[in-house]
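# Chains, contacts and geometry: an overview
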Amino acid sequence: MWKILLLVCVLLSREAFALTAEQNAVLFGTNGPAPVVQTNFAASRTLPSWITFSRTNLATVYDGQGYITYGPNNLLLDSNTFNSGNWLTFSGGTGSAPVLTPGQTDPLGGTNGWRIQLDRGAGNTASDFSGIRGTFSSNTNGIRSIWVKSNTGVNQTFSLVCTASPSVVTATTSWSQVYYISSFATAGQLDLCNYGPLGTTNSVDILAYNASAAAITYETAPRSQDDVVTTASAYFGPRFDYNPSVSPARSRGLLIEESGKNYKASSVDFSSGWTPDGITVTRPASPAATSPDGRTADTTTLTNSGTALSWNWIYYNAGSISASRTFSFYAKKKEYNYVMFQDQFSTTFAVVFNLNTGTYTSFVSGATYKIVPVGNGWYRCSASISPGSPATVFPTIQPAILNGITQYQGTVGYGIYIWGFVSEDGVAPTSYMTGGLTRNPDVVQLGGAAATAANAAAGSAIVQTDAWEVAGDKTRYLLASGSTRALLYSASSNTQVATTDGTTSLATSVGAGATFTSNPIRSGIAWDATGRSIVSNGFTLKSDAVNLSTGAATYLGGATSTPTFSGWVAAMALYNVKLPNNILLQKSIVGRPF
């Protein structure tokens, strides 16, 4: 009988008993209303139909193998419209102009393929050819590909580059994706060419479908995520990132980042633009080592060049800096376990990273230091500064024999591996950017039923992040329809999530000892005309009587189409009703069903 009385008391006044999230789950369950939409980015690695995504240039990501590579991309324009202005037709010598016929069968069972006839005539010299050419802009390692099938019942060969050293491929009697890999020039091209020196049949008659030119790093075959038909613009797809520090690499979800730029002209060439002192810079590394992007060509060794007492370092002039700036590079131990990283002259930062234990010792306060494992013995080492007044900064890298900043007598050939230097604005390192690259922002907007629910006068939203960077430089919006209706955001706090109507904010802790940058955080917000409630990780729920009213365009990662968020969204759900507090509390616990 006493148990029944206790339950009645709890039902009448739950707050008075201060039940934990687990106790609430046992007594009341966690079902509640079903979401209008929900998705698990980390598991599905796809965008639902109710999200629109855009980014206008290349950006990198960790793939499932734990290597840095480029997100989905197809740099060719009008990749399946071979008679458009973005494709050229050409012929020479005994060759005839190509004949292009649309409306043919394609490898998907449709009729979006093309018949392409390339007749070079009787000639077999370099002056005799017939072909078409698509062009694109890039300066990366890449892979050119196209789907082809012989239209004559027998195999046919042709070239994907109409030059003296053609890349010869074969169209068989079945559809296949032919390709070749090379470094892209700034002005790249993909040809379908019947080239005289090939010595093949005078006339090539094939079916073709969707060409692609995709930036890659270590890959050796076309990637399915790049096989996207483009029109007047290149394709740059969403990045579903992995955590490379565990094996196998763990899916983190949808990576959303604000814009960024690497101010260092070359991220992998440490012999140019750097000044060595007692150091030999060797690229590619000797002995060879696979870099974080899965290749060996750009890994560098920094080794002692002599045995005299020396600083044994390299440095460069990063110029005058007053705003927040983050310097980062990748390092791996060779003979030495330590790497010193400091601003040699202005002393805005100084730290020694332990490449054996993944720890660091700081020697200058005021800067933020990080050492993050990225797999295969590599660490990303960074220092973030905010000088305030202008300071001329000289980033300096020193293979070190001990945990300190000092000159030492080195051993010739002893040192460390390094790769991938980045100098970027902001208070934390973002995704790797090649030298001189500007990464445009990821714009993620809700549409359809999701937009209707998020913009309504009554509703609820739950968003789970794997991690995101929160610091005092700006407000970071997670889900918002403008700064005056921010459903979930962080106002420069690594331990609190907040909501605001533009006048009154309401914040709550993300959990005891938890931070946005270190932990998976699931945050929930519920609202209607009577007020709003907010909670994270089933911790402390806060409520007030502020009416969030209705919204217009709602973004994930920003208050507008200019995101301020940098991190990973693992999952989310939206409801068309205000969830009761006890249900909102339960659904905000990581791992619970939406």
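Procedures and definitions
Residues numbered from 1 in each chain as written. Predicted model: local features only at pLDDT ≥ 70, side-chain atom pairs only at ≥ 80, totals over all residues. Heavy atoms only, no water. Helix = DSSP H or I, 4+ residues; strand = E, 2+ residues; numbered from the N terminus. Buried < 20%, exposed > 50% of the residue type's maximum accessible area, 1.4 Å probe, protein only. Contact = heavy atoms within 4.5 Å. Areas by Shrake-Rupley, 256 points an atom, 1.4 Å probe, with all protein chains shown as cover. Lys, Arg positive; Asp, Glu negative; His and termini not counted. Charge placed at Lys NZ, Arg CZ, Asp CG, Glu CD. Pairing = 2+ DSSP bridges. Axes fitted to C-alpha atoms, helices over the stretch in contact; angles between N-to-C directions. Core = buried A, V, L, I, M, F, W, Y, C linked by side-chain atoms within 4.5 Å. Salt bridge = Lys/Arg side-chain N within 4 Å of Asp/Glu carboxyl O. pLDDT = per-residue confidence, 0-100. 1 Å grid on protein atoms, 1.4 Å probe; cavity = no way out; pocket = protein on both sides within 12 Å on 5 of 7 lines; lining within 4 Å. Points joined across faces, edges and corners; volume = space filled by probe spheres on them. Nonpolar A, V, L, I, M, F, W, Y, C, P; charged D, E, K, R; others polar. Disulfide = S-S within 2.5 Å.

## Points about the overall build of the protein
- The helix and strand inventory of the protein stands at six helices and 47 strands.
- Its C-alpha atoms give the protein principal-axis dimensions of about 100 × 70 × 45 Å.
- Going through the 594 residues of the protein one by one, you find that 54% of them count as buried.
- A fraction of 72% describes how many contacts in the protein between residues 6 or more apart in sequence connect residues 24 or more apart.
- With the model as given, the accessible surface of the protein reaches about 22,900 Å², and the carbon-plus-sulfur share is 52%.
- Side chains of the protein carry 33 positive and 30 negative charges; the gap between the two charge centres is 6 Å.

## Observations concerning the sheet that holds strand β20 (residues 275–277)
- Taken in spatial order, the six strands of this open sheet run β20-β24-β33-β27-β28-β29, and their pairing is antiparallel. The open sheet has two edge strands with one neighbour each: β20 and β29 (359–362). Adjacent strand axes in the sheet meet at a mean angle of 20° when their direction is disregarded.

## Looking at the nonpolar core
- Membership of the largest hydrophobic core comes to 37 residues, with the highest contact counts inside it found for Leu 446, Leu 479, Leu 556 and Leu 574.
- Other than its neighbours up to four places away in sequence, Leu 574 contacts Pro 35, Val 36, Val 37, Leu 446, Ala 450, Ala 453, Ala 454, Ser 460, Ala 461 and Leu 479.
- The next biggest cluster of nonpolar side chains, apart from the first, holds 32 residues, and it includes Tyr 316, Leu 355, Ile 371 and Val 393.

## What to know about the pairing of strand β42 (residues 505–509)
- Only one face of β42 is buried: it carries Leu 506 and Thr 508, and the other face, with Ser 505, Ala 507 and Ser 509, is open.
- Where strand β41 (residues 496–500) hands over to β42, the hairpin turn is made up of four residues, of which Gly 502 adopts a positive phi near 95°.

## What about the pattern of salt bridges?
- Overall, the coordinates contain 19 salt bridges when judged by the stated rule.
- One salt bridge connects Arg 439 with Glu 257, and the closest N-O pair in it is separated by 3.5 Å. Of the two residues, Arg 439 is situated in strand β36 (residues 438–439) and Glu 257 in the loop between β18 (250–256) and β19 (260–261); the sequence distance between them amounts to 182 residues.
- Classification of Arg 439 as buried rests on a relative accessible area of 1%.
- Residue classification places Glu 257 among the buried positions, given a relative accessible area of 4%.
- For Arg 283, the salt bridge goes to Asp 298, with nearest N and O atoms at 2.7 Å. Of this pair, Arg 283 sits in the loop between β21 (279–282) and β22 (300–304) while Asp 298 sits in the loop between β21 and β22, placing them 15 residues apart in sequence.
- What you see here is one network of salt bridges that share partners, running through Arg 55, Arg 239, Glu 257, Arg 439 and Asp 442.

## What about the confidence of the model for the protein?
- Per-chain confidence: the protein averages 91 in pLDDT, with 94% of residues scoring 70 or above.
- Long-range and interchain partners of residues 1–28, a stretch whose pLDDT sits below 50, account for 28 contacts in this model, where long-range means more than four residues apart.

## Quick word on the sheet that holds strand β31 (residues 378–385)
- Overall, antiparallel pairing links the six strands, which are arranged β21-β22-β35-β26-β31-β30 in an open sheet. Strands at the two margins of the open sheet, each flanked by one partner only, are β21 and β30 (368–375). Each adjacent strand pair in this sheet contributes to an overall mean axis angle of 30°, direction not counted.
- In the sheet, strand β26 (residues 325–333) pairs with β31 via seven bridges, with the strands oriented antiparallel. Along β31, the bridge assignment pairs Phe 329 with Cys 381.

## Quick word on unusual backbone geometry
- With an omega dihedral of 0°, the bond running from Arg 283 to Pro 284 counts as a cis peptide bond.
- Mapped onto the fold, Pro 284 is located in the loop between β21 and β22.
- The omega angle of the peptide bond from Ser 286 to Pro 287 is 0°, so this bond is cis rather than trans.
- By the element assignment, Pro 287 lies in the loop between β21 and β22.
- Of note, Asn 210 is a non-glycine position whose phi angle comes to about 45°, a positive value.

## Comments concerning the layout of surface pockets
- Computed from the structure, the largest pocket encloses a volume of approximately 720 Å³.
- Taken together, 35 residues line the largest pocket, and the ones lying closest to its centre are Arg 252, Val 372, Pro 429, Glu 469 and Trp 568.
- The leading source of residues in the lining of the largest pocket is β30, at four residues.
- Looking at side-chain class alone, the lining of the largest pocket contains 16 nonpolar, eleven polar and eight charged residues.
- In terms of lining residues, the second largest pocket is bounded by 30 residues, among which Tyr 70, Asn 139, Thr 140, Asn 141 and Thr 434 are the most central.

## What to know about the state of the cysteines
- As enumerated under the stated definition, the model contains one disulfide in all.
- The disulfide bridge from Cys 162 ends at Cys 193, spanning 2.0 Å between sulfur atoms. Here Cys 193 lies in strand β14 (residues 187–195) and Cys 162 lies in the loop between β11 (156–159) and β12 (168–171), a separation of 31 residues in the sequence. In this pair, the class of Cys 162 matches that of Cys 193, namely buried.

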